[in-house]
Amino acid sequence: MNSMTRTLIYVVVAVVTLSLAIWNGMPSAEMNVNIAANVGEKFFPEFTDPTEATGVRVIVFDDETAVIKPFEVSRVNNEWRIPSHYDYPADGAEQLSKTASSLVGVERGAVAGESELDFARLGVVDPLADDKDSLKGRGDRLTLTKGNEALVDLIIGNKVPDKTDQYYVRKPDDKITYITNLKIDLTTKFGDWIEPDLLMIEPASLRKLEIHDHSVDVLNGRILAGSDVILTRTSDTDSWKMAGIAPEEELKTSEVSSMVTALDGLKIIGVRPKPEGLRGDLRMTGDVTPSRSTQRELNSRGYYLVPSEDRGLELYSNEGELSALTANGVKYVLRFGDLFTGDEFDIEVGSAQTEEEEVEETEEPTKPVDESGSKKSRYLFVSVQFDPDAVGAIPTKPVPPTESETEASPEPAEDDAADAETETEEKTDDKQAAYEAALKQYERDLEEHKTKLEEARKLVDQLNDRFADWYYVIDAASFDRLNKGRADLVEEKAPAEEPTPGTSTETKPEMPAPVNSTPVPEETTSTPAPAGTSTKPEMPAPTEATPAPAPTTSTPGMPTPAATSTPVPASTSEPTPPAESTSTPPPASTSPE
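Quantities reported herein were computed from a predicted structural model and do not represent experimental measurements.

## Observations regarding the overall build of the protein chain
Thinking step 1. Tallying secondary structure elements over the protein chain gives 12 helices and 24 strands in all.
Thinking step 2. Per-residue burial over the protein chain gives 34% buried out of 593 residues.
Thinking step 3. In the protein chain, 68% of the contacts between residues at least 6 apart in sequence involve partners at least 24 apart.
Thinking step 4. Surface summary for the protein chain: the accessible area is close to 35,900 Å², and the carbon and sulfur share equals 50%.

## Notes on the sheet that holds strand β21 (residues 330–342)
Thinking step 1. The sheet built from 8 strands is open, its strands ordered β14-β13-β10-β20-β21-β22-β23-β16 with antiparallel pairing. Looking along the sheet, the strands with just one partner apiece sit at the ends: β14 (241–242) and β16 (270–273).
Thinking step 2. Contacting β10 (206–212), β13 (228–232), β20 (321–326) and β21, helix α5 (residues 253–264) runs over the sheet at an angle of about 100 degrees to β10.

## Section: the sheet that holds strand β18 (residues 303–307)
Thinking step 1. Taken in spatial order, the 3 strands line up as β17-β19-β18 in an open sheet, and their pairing is antiparallel. In this open sheet, the two strands that pair with only one neighbour each are β17 (283–284) and β18.
Thinking step 2. Inspection of the sheet shows β18 paired to strand β19 (residues 313–317) by 5 bridges, in the antiparallel sense. Considered in β19, the bridge of Pro307 is made with Leu313.
Thinking step 3. Where helix α6 (residues 292–300) meets the sheet, it contacts β18 and β19, and its direction lies at approximately 120 degrees from that of β18.

## Observations regarding α5
Thinking step 1. Here α5 spans 17 Å end to end across 12 residues, near enough to the 16 Å set by a 1.5 Å rise per residue.
Thinking step 2. Where α5 is concerned, the buried positions are Val256, Met259, Val260, Ala262 and Leu263. For α5, the angular spread of buried residues about the axis comes to 160 degrees, placing them on one side. In α5, the exposed positions angled more than 90 degrees off the buried face are occupied by Ser254 and Thr261.

## Some remarks on the packing of aromatic side chains
Thinking step 1. Within this structure, the stated rule accounts for 11 aromatic pairs.
Thinking step 2. Ring geometry for Phe336 against Phe479: centres 5.1 Å apart, planes inclined by 65 degrees, an arrangement best described as edge-to-face. Within this pair, whereas Phe336 is found in strand β21, its partner Phe479 is found in helix α11 (residues 476–482), the two being separated by 143 residues in sequence. Residues Phe336 and Phe479 agree in their burial class; the two are buried.
Thinking step 3. Aromatic pair Phe467 and Tyr472: ring centres 6.0 Å apart, planes at 85 degrees, arrangement edge-to-face.
Thinking step 4. Here Phe467 falls in the buried class, since its relative accessible area comes to 1%.

## Section: the pairing of strand β8 (residues 166–170)
Thinking step 1. The pairing of strand β7 (residues 149–159) with β8 spans 3 bridges and is classified as antiparallel. Considered in β8, the bridge of Ile155 is made with Arg170.
Thinking step 2. Connecting the antiparallel pair β7 and β8 is a turn made up of 6 residues, with Asp162 showing a positive phi of about 60 degrees.
Thinking step 3. Here β8 pairs with strand β9 (residues 177–181) via 4 bridges, running antiparallel. Within the sheet, the bridge partner assigned to Tyr167 lies in β9 and is Thr180.
Thinking step 4. Hairpin connection between β8 and β9: a loop of 6 residues separates the two successive antiparallel strands.

## A short note on the nonpolar core
Thinking step 1. Ranked by size, the top nonpolar core spans 67 residues in total, and within it Leu144, Leu198, Leu199, Leu231, Leu263, Tyr472 and Leu489 carry the most contacts.
Thinking step 2. Residue contributions to this core peak at 5 residues, all from α5.
Thinking step 3. With sequence-adjacent residues up to four places away left out, Leu144 is seen in contact with Phe47, Gly55, Val56, Leu96, Thr99, Ala100, Leu103, Glu149, Ala150, Leu151 and Val152.
Thinking step 4. Counting 14 residues, the second-largest nonpolar core is a separate cluster that includes Leu298, Leu305, Leu313 and Phe340.

## Description of helix α3 (residues 93–103)
Thinking step 1. Gln95, Leu96, Thr99, Ala100, Ser102 and Leu103 are the residues of α3 that are buried. One side of α3 holds all its buried residues, which, seen down the axis, span an arc of 160 degrees.
Thinking step 2. On its buried face, α3 is in contact with β1 (55–62), β3 (79–82), β6 (140–146) and β7.

## So, the pairing of strand β2 (residues 67–76)
Thinking step 1. Two strands pair when backbone bridges link them, and β1 and β2 are joined in this way by 8 bridges, in the antiparallel orientation. Residue pairing in the sheet places Phe61 in a bridge with Ile68 of β2.
Thinking step 2. Hairpin geometry of β1 and β2 is characterised by an intervening segment of 4 residues between the two adjacent antiparallel strands and by a positive phi of about 55 degrees at Ala66.
Thinking step 3. In this sheet, β3 lies alongside β2 in antiparallel orientation, the contact comprising 3 bridges. Residue pairing across strands places Ser74 opposite Arg81, the latter belonging to β3.
Thinking step 4. Where β2 hands over to β3, the hairpin turn is made up of 2 residues, of which Asn77 adopts a positive phi near 55 degrees.

## Quick word on the confidence of the model for the protein chain
Thinking step 1. Mean pLDDT over the protein chain: 78, with 69% of residues reaching 70 or higher.
Thinking step 2. For the protein chain, helix α8 (residues 355–359) is the element with the lowest average pLDDT, namely 39, and β8 is the one with the highest, namely 97.
Thinking step 3. For residues 352–370, every residue scores under 50 in pLDDT, and the model assigns this stretch 31 contacts once sequence neighbours within four places are set aside.
Thinking step 4. Of the regions scoring below 50 in pLDDT, residues 516–593 engages in 69 contacts with residues more than four places distant in sequence or in other chains.

## Points about the pattern of salt bridges
Between side chains of opposite charge, pairing is possible as soon as their charged atoms come close.
Thinking step 1. Taken as a whole and judged by the stated rule, the model has 21 salt bridges.
Thinking step 2. Notably, a salt bridge pairs Lys69 with Asp343, separated by 3.2 Å at the nearest N-O pair. Taken together, the residues Lys69 in strand β2 and Asp343 in the loop between β21 and α7 (344–349) connect sequence positions 274 residues apart.
Thinking step 3. What makes Lys69 buried here is its relative accessible area of 18%.
Thinking step 4. A residue is classified by how much of its surface remains accessible, and Asp343, at 13% relative accessible area, is buried.
Thinking step 5. Salt bridges sharing partners connect three or more residues here, namely Arg283, Glu314, Glu321 and Arg335.

Calculation notes
- Residues numbered from 1 in each chain as written.
- Predicted model: local features only at pLDDT ≥ 70, side-chain atom pairs only at ≥ 80, totals over all residues.
- Heavy atoms only, no water.
- Helix = DSSP H or I, 4+ residues; strand = E, 2+ residues; numbered from the N terminus.
- Buried < 20%, exposed > 50% of the residue type's maximum accessible area, 1.4 Å probe, protein only.
- Contact = heavy atoms within 4.5 Å.
- Areas by Shrake-Rupley, 256 points an atom, 1.4 Å probe, with all protein chains shown as cover.
- Pairing = 2+ DSSP bridges.
- Axes fitted to C-alpha atoms, helices over the stretch in contact; angles between N-to-C directions.
- Expected span 1.5 Å × (residues − 1).
- Arc of directions from axis to C-beta.
- Phe/Tyr/Trp six-rings, centres within 6.5 Å; stacked < 30°, edge-to-face > 60°.
- Core = buried A, V, L, I, M, F, W, Y, C linked by side-chain atoms within 4.5 Å.
- pLDDT = per-residue confidence, 0-100.
- Salt bridge = Lys/Arg side-chain N within 4 Å of Asp/Glu carboxyl O.

Next up, the structure:
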């Protein structure tokens with residue numbers, strides 16, 4: 001066999017082999033028939049009752065970071081929890097019902113792909129796949145569960161171009177991808193599955209705000225006191241007042257209102273489990289020794305365990321603390337931690353690092369502030385105390401009338417004895433009735449006071465149970481609205497308004513109204529006495545040097561008031577004191593000159 005023949009044989013064999021390979025890789029007529037037969041069928045025909053679902057799990061793969069981001073909500077022992085977020089309590093019944101209802105009856109549409117070669121192009125690669133060489137084209141995996149049983153399990157890929165609510169979808173164990181119409185009512189945002197209102201506080205109930213701007217001396221393990229600010233008001237309609245404000249200063253009410261609004265709007269955007277051994281009051285007893293990893297974790301987030309008077313440890317923040325007291329005696333204590341930056345997943349549950357890796361860092365890894373999707377946030381510990389004084393003093397029991405208070409008046413005359421006895425009985429009855437009415441009011445007030453105390457203690461216990469195992473992540477902007485010092489809350493009073501030029505602000509003494517414009521003759525008693533007359537104030541002034549009684553109706557002992565606007569000049573250098581009365585005296589009789 002020559003070389004030419006041998007070459008031709010090799011070529012023929014290669015062509016046949018290639019043809020067989022291509023033919024084997026193509027879907028058979030039988031396979032295409034089965035695919036076509038499935039179009040229009042439901043993915044999960046057995047799933048008809050959305051109330052059967054007891055859990056939902058969503059697996060998302062981040063192509064940029066190659067990190068799997070799970071979100072899961074499930075009901076265990078009749079309690080809704082979020083296993084993907086440290087088993088934090090969830091308000092999941094309504095949300096899960098909506099999601100399950102939107103997945104009942106999901107149907108297969110047109111075939112979009114028939115083999116694994118189509119997965120990446122259509123975005124339906126399983127996000128849980130072990131193949132690290134194929135990180136692109138991974139979809140989101142959505143699973144509804146009933147206990148350990150999967151009721152619905154789908155991989156949702158890319159959205160179909162130019163179509164509304166249509167996606168490439170396949171079952172995890174199926175190689176065929178379909179175009180499916182999906183209107184899934186599902187949110188994987190942590191705040192949508194929980195009660196996001198952190199404090200659940202009524203702004204009108206706030207009565208006292210205390211800002212303690214201290215810092216921590218880490219080397220010596222002690223607290224360095226800073227400036228304290230105390231704001232109080234007696235009711236929701238009363239104005240806020242600051243302790244220690246100077247007369248020339250005034251409170252910036254708009255800044256205080258901003259603080260109150262920020263407290264009311266404080267939202268949970270992330271959660272972390274509280275370190276083991278740290279009680280609800282943020283203390284550790286003397287028999288609990290925190291691990292080094294616990295201390296490093298707290299320190300990296302702006303918190304320090306400082307020795308307390310009871311030989312234990314107490315948690316302090318390097319950013320100080322804020323306390324808010326309500327009218328029913330509930331006192332919230334907020335201790336703010338450090339600032340950090342991260343995407344939504346980092347904020348909600350923390351870095352993708354394991355705990356061992358995370359605590360080795362001096363601070364939590366952050367991303368550039370301007371990176372898309374990143375957000376500034378802060379850590380926050382919350383504890384609650386009860387202050388019974390805020391509820392008000394215990395009502396005072398009225399004192400019953402004594403016998404002396406009900407005794408009759410001295411014995412009247414014999415003729416009035418019957419009337420006096422009746423009057424005494426009526427007075428006694430009135431005092432006893434008033435006492436009994438006051439006693440009933442006291443009992444009502446006392447019962448109301450006891451009810452207020454019981455309700456407040458119950459609320460404090462509920463809040464402490466809620467905060468017992470967790471600390472939180474809040475938006476950094478909320479902290480900025482709450483982090484106020486004295487300089488932020490006080491300003492100098494505006495200077496008094498300057499008087500207009502040409503006007504006088506002096507208050508002149510009121511002058512008595514004149515009787516007429518013509519001076520009254522000296523003989524009248526309304527004019528000042530000339531020199532040489534008696535200067536005794538109790539006597540009216542005569543017209544001659546020789547003392548003579550004045551025929552007037554003036555009361556002796558009072559100085560004579562002036563009757564004219566222009567006093568008569570005195571004959572000596574010693575003036576007569578002006579009269580103080582402004583009333584017009586009766587005219588005095590005059591004698592002929």
